[in-house]
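# Examining the three-dimensional arrangement
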Amino acid sequence: RYNKAYKVDLANLQPVHQKLAQRASVTGEWATIDLSNASDTVALELVRLLLPGDWFALLNSLRARATDLNGRRYYLAKFSSMGNGFTFELETLLFRSLIATLTPDTRASVYGDDMIVPTASAKDCIAALRFFGFTPNARKTFLEGPFRESCGGDFFQGHPVRAPYLKS
C-alpha cells in the first residue's frame, strides 16, 4: 500500500536516502531529520488518529497491550516497539503522513524515522513531530550547513565522511 500511495519501495529505499543526503549536503535544498527513540514514542492514539479504522483494528489486535512486571500488570500506551514485525513500516507510514501534510513537495522521503524534507519546511516538520511527542535527535538532524546524514550515510559537501566502525 505504501508503494502504491507514494511510489516508493521500502526494500530499496536505504541507498536512495543516502544519495539524497549526499546531494542535500551540496545543495542545501533538503534537510535530514532523525528521531530519538521513535519506536518507543509511537502512541496508541496517534496510530488511531492517522490510520483507517480497519488498519488500526488489525494492527492493534497484533500488539502487546500490557506487560507484567513483578506480579503487577502495566497497560501500554506505546503502540509497538522495535523488534515487532511491523514497527518499522508503521513508523514510515506515520511519519510520511505527517510530512505530507506539511510540505507539498512529493519528493520528501521517509524511511523509518529517517526523514528528508525540503529545508523550507523542516522547522514546521520538527514542530509537528514534537507536538505528537517525538524528539528530534540533535546529533543526527541537519537543517543547514554542508553536512547531512541519513540511513548510515554521512556527507560533507557531497563527500562521504562516515568514520570506520568496528563492532568487535
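Below, the structure is looked at part by part. Here the structure is a predicted model, which is why all the values come from computation and not from measurement. (Residues numbered from 1 in each chain as written. Predicted model: local features only at pLDDT ≥ 70, side-chain atom pairs only at ≥ 80, totals over all residues. Heavy atoms only, no water.)

Attention shifts here to the overall build of the protein chain. In terms of helices and strands, the protein chain carries 6 helices and 9 strands. Relative to the 2.2 N^0.38 estimate, which gives 15 Å for 168 residues, the radius of gyration of the protein chain is 17 Å and therefore close to what a compact globule would have. For the protein chain, the spread of C-alpha atoms along the three principal axes comes to 55 × 45 × 30 Å. In the protein chain, which comprises 168 residues, the proportion classed as buried is 42%. (Helix = DSSP H or I, 4+ residues; strand = E, 2+ residues; numbered from the N terminus. Rg over C-alpha atoms; globule rule 2.2 N^0.38 Å. Buried < 20%, exposed > 50% of the residue type's maximum accessible area, 1.4 Å probe, protein only.)

What follows concerns the sheet that holds strand β5 (residues 114-118). Taken together, the 4 strands give an open sheet; going across it, the order is β4-β5-β1-β6, and neighbouring strands pair in antiparallel fashion. Each edge of the open sheet is held by one strand with a lone partner, namely β4 (109-111) and β6 (135-136). In terms of strand pairing, β4 meets β5 through 3 bridges, oriented antiparallel. Bridge pairing in β5 links Tyr111 to Asp114. (Pairing = 2+ DSSP bridges.)

In terms of burial, strand β1 (residues 30-36) is a largely internal element, 6 of the 7 residues being buried. Bridge analysis of β1 against β5 gives 5 bridges, and the strand direction is antiparallel. Pairing of Thr32 across the sheet is with Ile116, part of β5. Pairing between β1 and β6: 2 bridges, direction antiparallel. Its bridge partner being in β6, Ser36 is matched across the sheet by Thr135.

As enumerated under the stated definition, the model contains 7 aromatic pairs in all. An angle of 50° between the planes, with centres 4.9 Å apart, marks the rings of Tyr2 and Tyr6 as tilted. With a gap of 4 residues between them, Tyr2 and Tyr6 both fall in helix α1 (residues 2-6), about one helical turn apart. You can call Tyr2 buried: its relative accessible area is 12%. (Phe/Tyr/Trp six-rings, centres within 6.5 Å; stacked < 30°, edge-to-face > 60°.)

With that settled, consider the environment of Ser121. Considering the arrangement of structural elements, one finds Ser121 in helix α6 (residues 119-131). With near-sequence residues (within four places) excluded, Ser121 lies in contact with Leu102 and Thr103. (Contact = heavy atoms within 4.5 Å.)

Attention now moves to unusual backbone geometry. For Asn37, which is not glycine, the phi dihedral falls at a positive 50°. As for its placement among the helices and strands, Asn37 is situated in the loop between β1 and α3 (44-50). When its relative accessible area of 56% is taken as the criterion, Asn37 is described as exposed.

All right, on to helix α2 (residues 13-27) then. Compared with the 21 Å implied by 1.5 Å per residue over 15 residues, the 21 Å span of α2 between its first and last C-alpha is a close match. Tucked inside the fold, the buried residues of α2 contact β1, β4, β5, β7 (147-150) and β8 (153-156). (Expected span 1.5 Å × (residues − 1).)

Before going further, it helps to examine the side chain of Thr92. Along the chain, Thr92 falls in helix α5 (residues 87-102). Ignoring sequence-local partners within four residues, the contact set of Thr92 consists of Tyr2, Leu10, Val110, Tyr111 and Gly112.

What follows deals with the pattern of salt bridges. Summed over all chains, the structure comprises 7 salt bridges. Here Arg73 and Asp68 are joined by a salt bridge, their closest N and O atoms 3.0 Å apart. In this structure, Arg107 engages Asp105 in a salt bridge whose closest nitrogen and oxygen atoms are separated by 2.8 Å. The partly exposed category is assigned to Arg107, whose relative accessible area is 49%. Salt bridges here are not isolated pairs; linked through shared partners, they connect Glu29, Asp105 and Arg107. (Salt bridge = Lys/Arg side-chain N within 4 Å of Asp/Glu carboxyl O.)

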